[in-house]
Amino acid sequence: MTNSPYDTYTSPLATRNASPEMLRLWSARHKFNTWRKIWLAVAEAQHELTSERAPSASSGYSGTSGTAPSAPLVTKEQVEELRAVVNRPGGITDAEIHAAEKYERDLRHDVMAHVHALGDSCPKAKGIIHLGMTSQDVVCNADLIVLQASVGLIGQKTRRLLLSLAAVAERFKRVPCLGFTHYQPAQPTTVGRRAAEYSYQMDMCAGLMDELTGRWLLLRGLRGATGTQASFLELFGGDHAKVDQLERRFRDSFGMDIDYDDVYTLTGQTYPRVVDAIVLSNLASTASVLHKIATDIRLLANRKELDEPFETNQIGSSAMPYKRNPMRCERICGLSRFVMNLVGNGYDTAATQWLERTLDDSANRRLSLPEAFLALDGALDLMHNVASGLIVHEAMVRKNLMAELPFMATENLLMACVKLGADRQHYHELIRVHAQAAGMRVKSEGLDNDLLDRLRADPAFHAPALKAELDWTGLMDPMKYVGRSVEQTERFIKEVVEPLRQQYGDQIAKLSTGGPRV
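Note on numbering: residues in each chain are counted from 1, in written sequence order. At least 70 in pLDDT is required for a residue's local features to be given in this predicted model, at least 80 for side-chain atom pairs to be given and counted, and no such filter applies to totals for whole chains, interfaces and linings, which use all residues. Water and hydrogen atoms play no part in the side-chain values, which are based on all heavy atoms of the structure.

A. Examining the overall build of the protein chain more closely. Under the scheme used here, helices are H or I runs from DSSP no shorter than 4 residues and strands are E runs no shorter than 2 residues, and both carry numbers assigned from the N terminus. For the protein chain, the helix and strand inventory stands at 19 helices and four strands. Considered along the principal axes of its C-alpha atoms, the protein chain spans approximately 110 × 65 × 40 Å. Contacts in the protein chain between residues far apart in sequence, at least 24 positions, make up 80% of those at least 6 positions apart. If you sum the accessible surface of the protein chain, you get close to 25700 Å²; carbon and sulfur atoms cover 53% of it. Charge separation in the protein chain, taken as the distance between the mean sites of 60 positive and 63 negative side-chain charges, equals 3 Å. We call two residues in contact whenever any of their non-hydrogen atoms come within 4.5 Å of each other. Exposure was quantified through the Shrake-Rupley algorithm and a 1.4 Å probe, taking into account, for residues, occlusion by the shown protein chains and nothing else. As used throughout, the charge tally considers Lys and Arg to be positive and Asp and Glu to be negative, leaving His and the chain termini uncounted. Charge placement uses NZ in Lys and CZ in Arg. For Asp and Glu, CG and CD serve respectively.

Take a look at the structure:
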């Protein structure tokens, strides 16, 4: 039997969709390096606090020993050895990961397997690694660090898409097009105004990512087996202040690239799993907007108004050579739907965490959290690619609009008649009868829309007060019907897009180019 990757299942999220940046954040190496940095940060704090000889007064301790350690819990030599291994270039090696895998086969415990593997590389520090800690002091804090970074990347890509859609809005802000309600022809808008609304919704999604990083994604802190910090209180001989200082130093001198304002006030063995539900629901909200945009593009591609980018040698169909299927938008919809359907996992897990913790969260979270991020990451890259190369067929946009414009013009015509003294209800009925007849002519006979010709021939519109004043030619100017589309688009670009471009432009420019990997 070979060891070929083609002999086993590989997630298409990794091979076809997610970016290298997001894959790295959820990689095994990044996770294990983060675990090691947590062990190092705790050991450093324990060394510093137990090297300070003056115990705190009025600790109020009622534990078993009641005395502070007489010597440092962790020596300087142990910390330096641990630091040298954890902070070396590249971090954990393949050999160390293989060693941990071997330990796990025997121990059936992934965290303890890595404690032993790290101990093998740090023989002097082996006895103090994970001192006073429970597994979730490591896993939860590491997961939250990965979540924070992943949400940050999603936020950057959301803003990149916002800006690319805004560029479409700016370019086509004066191109009138047919609007739709109920997917039936409705009052015209402009191609740019529609793109601006997409961009605005992406701005709302970026705000959701900011809320996650600013409010919900903190550190779990160092809380022990059931969240009471009993083990740390014992280590410090009942000194409550030392326990607080340990957690503070762990938080403040953690050495990561992310700033945390605080830790969760109260936890059980894990951080509150409702946080995962909040994360997944916000990712799903972003996915729903992507799904909507991609669906709109697919609908308009059918009307020959838009096309997503299409490569020179790209094949649309194996059977129909003429096809230009919107496959990128179809993939966006598929990935977005997958993200939206992962939300229930977060709610179910949060709801079934019995008392201080159950382990049925673990297997589910290993799937739902990374895959939600990988899928949304891929969908955002694809949508950026589509928006950056979106093809607008202006002639077809105008043709479709002008075919329906006589119907749109009737509202303005009715208002013009009333301003000239006509009875609204009477003329509304006249227009309704002619509009229904013209519509049936188009649908049943496949003929052109002759509504304005019918109205112009009706004697009621030849009344002296109307005949000289009604501008029949001007009624077919589509820009008369787009309302404030241009002004709204320009205001959005000025007030929302330009400040974001100035604030995030350099950061976004460093992102890898989004698009289909295969």
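B. The nonpolar core, seen in detail. In plain words, nonpolar cores are sets of buried Ala, Val, Leu, Ile, Met, Phe, Trp, Tyr and Cys residues tied together by side-chain atoms within 4.5 Å. Burial status follows relative accessibility: with a 1.4 Å probe on protein chains alone, a residue under 20% of its type maximum counts as buried, one over 50% as exposed, and anything between as partly exposed. Core analysis: the largest hydrophobic core is formed by 73 residues, its most contacted members being Met202, Leu290 and Met383. Counting residues in each nonpolar core, the second largest holds 39 residues, with Ile92, Val111, Ala142 and Leu222 among its members.

C. Expanded view of the packing of aromatic side chains. Pairing of aromatic rings covers Phe, Tyr and the six-membered ring of Trp, with a centre-to-centre limit of 6.5 Å; geometry is then stacked below 30 degrees between planes, edge-to-face above 60, and tilted otherwise. Enumeration according to the criterion identifies eight aromatic pairs in this entry. Pairing tyrosine 427 with phenylalanine 461 gives two aromatic rings, centres 5.2 Å apart and planes at 80°, and the pair type is edge-to-face. Separated by 34 residues along the polypeptide, tyrosine 427 in helix α16 (residues 424-445) and phenylalanine 461 in the loop between α17 (451-457) and α18 (464-467) bring together distant segments of the chain. Under the relative-accessibility criterion, phenylalanine 461 is labelled buried at 2%.

D. Representation of the pattern of salt bridges within the structure. For this document, the term salt bridge refers to a Lys or Arg side-chain nitrogen within 4 Å of an Asp or Glu carboxyl oxygen. For the coordinates displayed, the defined rule picks out 30 salt bridges. A salt bridge links lysine 157 to aspartate 381, with the shortest nitrogen-to-oxygen separation between them at 3.1 Å. Of this pair, lysine 157 sits in helix α7 (residues 135-171) while aspartate 381 sits in helix α14 (residues 360-388), and the two are 224 residues apart along the sequence. Across the pair, exposure class does not vary: lysine 157 and aspartate 381 are buried alike. By sharing partners, the salt bridges in this structure join Lys157, Arg160, Asp377 and Asp381 into a single network.

E. Inspection of empty space enclosed by the protein at higher detail. Buried and open spaces are told apart on a 1 Å grid over the protein atoms alone, a cavity being a set of points where a 1.4 Å probe fits but cannot get out and a pocket being an open set with protein on both sides within 12 Å along at least five of seven lines. Residues with an atom within 4 Å of a point are the lining residues. Grid points are joined across faces, edges and corners, and a volume is the space filled by probe spheres set on the points. Under the definition given, this model contains two cavities of 30 Å³ or more. Approximately 150 Å³ is the volume attributed to the largest cavity. Considering the residues around the largest cavity, the lining is formed by 15 residues, among which Val191, Ala195, Tyr198, Leu306 and Leu390 are closest to the centre. For the lining of the largest cavity, the secondary-structure elements that each account for two or more residues are α7, α8 (191-216) and α11 (274-302). Classifying every residue of the lining of the largest cavity gives twelve nonpolar, no polar and three charged. Taken as a whole, the second largest cavity encloses approximately 30 Å³ of empty space. If you trace the second largest cavity, you find it lined by Ala301, Asp307, Glu308, Phe310, Arg324, Asn325 and Pro326. Residue polarity follows a fixed list, in which Ala, Val, Leu, Ile, Met, Phe, Trp, Tyr, Cys and Pro are nonpolar, Asp, Glu, Lys and Arg are charged, and the others, Gly among them, are polar. Across the lining of the second largest cavity, the residue classes tally to three nonpolar, one polar and three charged.

F. Focus on the side chain of histidine 291. If you trace the backbone, histidine 291 turns up in helix α11. Judged by relative accessible area, which is 18%, histidine 291 ranks as buried. Setting aside chain neighbours within four positions, we find histidine 291 in contact with Cys333, Ser336, Arg337 and Met340.

G. Region of interest: the pairing of strand β1 (residues 176-181). By this definition, two strands are paired if DSSP reports at least two bridges between them. As judged from the five bridges shared by β1 and strand β2 (residues 184-190), these two strands associate in the antiparallel manner. From the neighbouring strand, phenylalanine 180 faces β2, where its bridge partner is proline 185. Hairpin connection from β1 to β2: two residues lie between these consecutive antiparallel strands, with histidine 182 at a positive phi of about 60°.

H. Focus on α8. Multiply 1.5 Å by the residue count of a helix minus one, and that product is the helix's expected span. Look at α8: 37 Å from first C-alpha to last across 26 residues, which is about the 38 Å you get at 1.5 Å a residue. Three or more residues of α8 are buried, namely Val191, Gly192, Arg194, Ala195, Ala196, Tyr198, Ser199, Met202, Cys205, Ala206, Met209 and Leu212.

I. Spatial organisation of the packing of helix α3 (residues 28-51) against helix α4 (residues 76-86). Where α3 meets α4, the axes come as close as 10 Å, and the angle between the chain directions of the two elements is 160°. Considered as vectors, α3 and α4 are oriented roughly antiparallel to each other. Taken as a pair, α3 and α4 cross one another with a handedness that is left-handed. Residues Arg36, Lys37, Trp39, Leu40, Ala43, Glu44 and His47 of α3 pack against Lys76, Val79, Leu82, Arg83, Val85 and Val86 of α4. Looking at the contact of α3 with α4 residue by residue, the classes come out as seven nonpolar, one polar and five charged. In this description, a line fitted to the C-alpha atoms serves as the axis of each element, helices being fitted only across the stretch in contact, and the angle between N-to-C directions of two axes falls anywhere from 0 to 180 degrees. Between 65 and 115 degrees an angle is taken as roughly perpendicular, under 35 as roughly parallel, over 145 as roughly antiparallel, and anywhere else as oblique. Helix crossings get a hand from a simple test, with the near helix turned counterclockwise from the far one by less than a right angle marking a left-handed crossing and a clockwise turn marking a right-handed one.

J. Structural context of the environment of threonine 228. Examined against the element boundaries, threonine 228 turns out to sit in the loop between α8 and α9 (230-235). With 74 residues separating them along the chain, threonine 228 and asparagine 302 place their C-alpha atoms 60 Å apart.

K. Highlighting the environment of glutamine 148. Following the sequence through the fold, glutamine 148 ends up in helix α7. It is 51 Å that separates the C-alpha atoms of glutamine 148 and alanine 403, two residues lying 255 residues apart in sequence.

L. A look at the environment of glutamine 46. By secondary structure assignment, the location of glutamine 46 is in helix α3. Taking relative accessible area as the criterion, glutamine 46 reaches 1% and is therefore assigned buried. Between the alpha carbons of glutamine 46 and alanine 438 there is a distance of 84 Å; along the sequence they are 392 residues apart. Not counting residues up to four positions away in its chain, the partners in contact with glutamine 46 are Val74, Leu131, Phe232, Leu235 and Leu246.

M. Here's a closer look at the side chain of threonine 286. Structurally, the position occupied by threonine 286 is in helix α11. We classify threonine 286 as buried; its relative accessible area is 0%.

Fair warning: the whole summary comes from geometry, so function is off the table for now.
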